[in-house]
Amino acid sequence: MALTALMGTYHHNIDAKGRMSFPTKLRDLLGGEFYVTKSINQKCLTIYSKSEWEKLANKVAALPDSMGGLDIKRWLFSGAGELIPDKQGRVLIPSDLREFAGLTKDVVVIGLDDKAEIWDKELWDAQQNNMDMEAMLAAMQQLGI
């Protein structure tokens, strides 16, 4: 892991123009510019530092267009954008990404080690409430945690 772990849960709002304050702690760790894209396995957005984005983008760009590579490229790159905080620490979330993740007003930003996620608050609450703790504990034991 190249940077200090991104962690924590932060509650924010998105305004009518699609801007939201991005958590200072996460912003400081991510750097002056970072990248957002659609999550592959959840209805949320994933945030990457410039260096983590470059690693991911290079891996994806190297995929062959066959065997699903072209679909992966389309998914990742068409749903991505650069986020540069303004002087108030706000970022503009592109409208297509807000729509994908169901972001309307109340959002939750979570740190997730080398990346962060932005969730609609209701979806985040539902995800947390539906978490299978027994399965997670079994996975932790299997992984030696």
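Residues numbered from 1 in each chain as written. Predicted model: local features only at pLDDT ≥ 70, side-chain atom pairs only at ≥ 80, totals over all residues. Heavy atoms only, no water.

Asks: Please clarify how the side chain of Glu-117 should be interpreted in this entry.
Replies: If you trace the backbone, Glu-117 turns up in strand β8 (residues 115-120). The contact partners of Glu-117, leaving out residues within four places of it in the chain, are Cys-44, Leu-45, Thr-46, Val-108, Val-109, Ile-110 and Leu-112. (Helix = DSSP H or I, 4+ residues; strand = E, 2+ residues; numbered from the N terminus. Contact = heavy atoms within 4.5 Å.)

Asks: Before we go on, may I ask you to explain unusual backbone geometry in this structure?
Replies: For residues that are not glycine, phi is negative in most cases, and the peptide bond is trans in most cases. At Met-67, a position not held by glycine, the phi torsion is positive, near 55°. Positionally, Met-67 belongs in the loop between α2 (50-61) and α3 (69-78). Positive phi values are uncommon outside glycine, yet Asp-113 reaches one of about 70°. Tracing the backbone through its elements, the reader meets Asp-113 in the loop between β7 (106-112) and β8. Classification of Asp-113 by relative accessible area gives partly exposed; the value is 38%. (Buried < 20%, exposed > 50% of the residue type's maximum accessible area, 1.4 Å probe, protein only.)

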